[in-house]
Amino acid sequence: MKFDPVSIDELRKRKREFSERLAADREATPRTSTDGRSLRAGSRSEQLNLRVTKEFKSALQREAQATGMTMAEVMEAAWDAYRTLRDAPSDSAKARTGTKTGATRKKSS
């Protein structure tokens, strides 16, 4: 291996040129973060790690990007929708109780 000596001034010049090119590239390239970690951390302080399929992760990322939400926000919205559906009275419960709200009748004594 052959070593070409370079002066300190030449190294400083190369470093300065590299830093200028890097800064220009960073300015020219917009940040496109799918999950928006640094954009909207909000009050989230806990981390949740899940194993999901590649298809699910891709779909989640696409949905987040399409809606301008973070992946965490999409998951929170999905959780809210799930709880709403879970807690909503089903049609069979309405039929059994004869009520529109799914509330149970009081038993008569």
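Enquirer: Describe the confidence of the model for the chain, and please don't skip the residues or the numbers.
Expert: On average, the chain scores 79 in pLDDT, and the residues at 70 or more come to 69%. Within the chain, no element has a lower average pLDDT than helix H4 (residues 91–97), which sits at 62, and none a higher one than helix H2 (residues 54–67), at 94.

Enquirer: Describe helix H3 (residues 71–87), with residues and values.
Expert: Between the first and last C-alpha of H3 there are 24 Å, a value that for 17 residues agrees with the 24 Å anticipated at 1.5 Å per step. Those residues of H3 that fall on the buried side of the exposure criterion are Met71, Glu73 and Val74. Seen end-on, H3 carries its buried residues on one side only, within an arc spanning 160 degrees. For H3, the elements touching its buried residues are H2.

Enquirer: Describe H2, naming the residues involved and giving the relevant values.
Expert: Taking 1.5 Å per residue as the helical rise, H2 with its 14 residues ought to reach 20 Å, and the 20 Å between its terminal C-alpha atoms agrees with that figure. A positive backbone phi angle near 70 degrees is found at Gly68, which sits one or two residues after H2.

Enquirer: Which residues make up the pattern of salt bridges, and what values go with them?
Expert: All chains considered together, the criterion is met by 4 salt bridges. A salt bridge links Arg83 to Asp80; the nearest nitrogen and oxygen atoms lie 2.9 Å apart. Residue Arg83 and its partner Asp80 are both found in helix H3; the two are separated by 3 residues, about one turn of the helix. Given a relative accessible area of 39%, Asp80 falls into the partly exposed group. A salt bridge links Asp87 to Arg86, with the nearest nitrogen and oxygen atoms 3.0 Å apart. Assessed through its relative accessible area of 56%, Asp87 is described here as exposed. Residue Arg86 is classed as partly exposed on the basis of its relative accessible area, which comes to 45%.

Rules behind the numbers
Residues numbered from 1 in each chain as written. Predicted model: local features only at pLDDT ≥ 70, side-chain atom pairs only at ≥ 80, totals over all residues. Heavy atoms only, no water. pLDDT = per-residue confidence, 0-100. Helix = DSSP H or I, 4+ residues; strand = E, 2+ residues; numbered from the N terminus. Expected span 1.5 Å × (residues − 1). Buried < 20%, exposed > 50% of the residue type's maximum accessible area, 1.4 Å probe, protein only. Arc of directions from axis to C-beta. Contact = heavy atoms within 4.5 Å. Salt bridge = Lys/Arg side-chain N within 4 Å of Asp/Glu carboxyl O.

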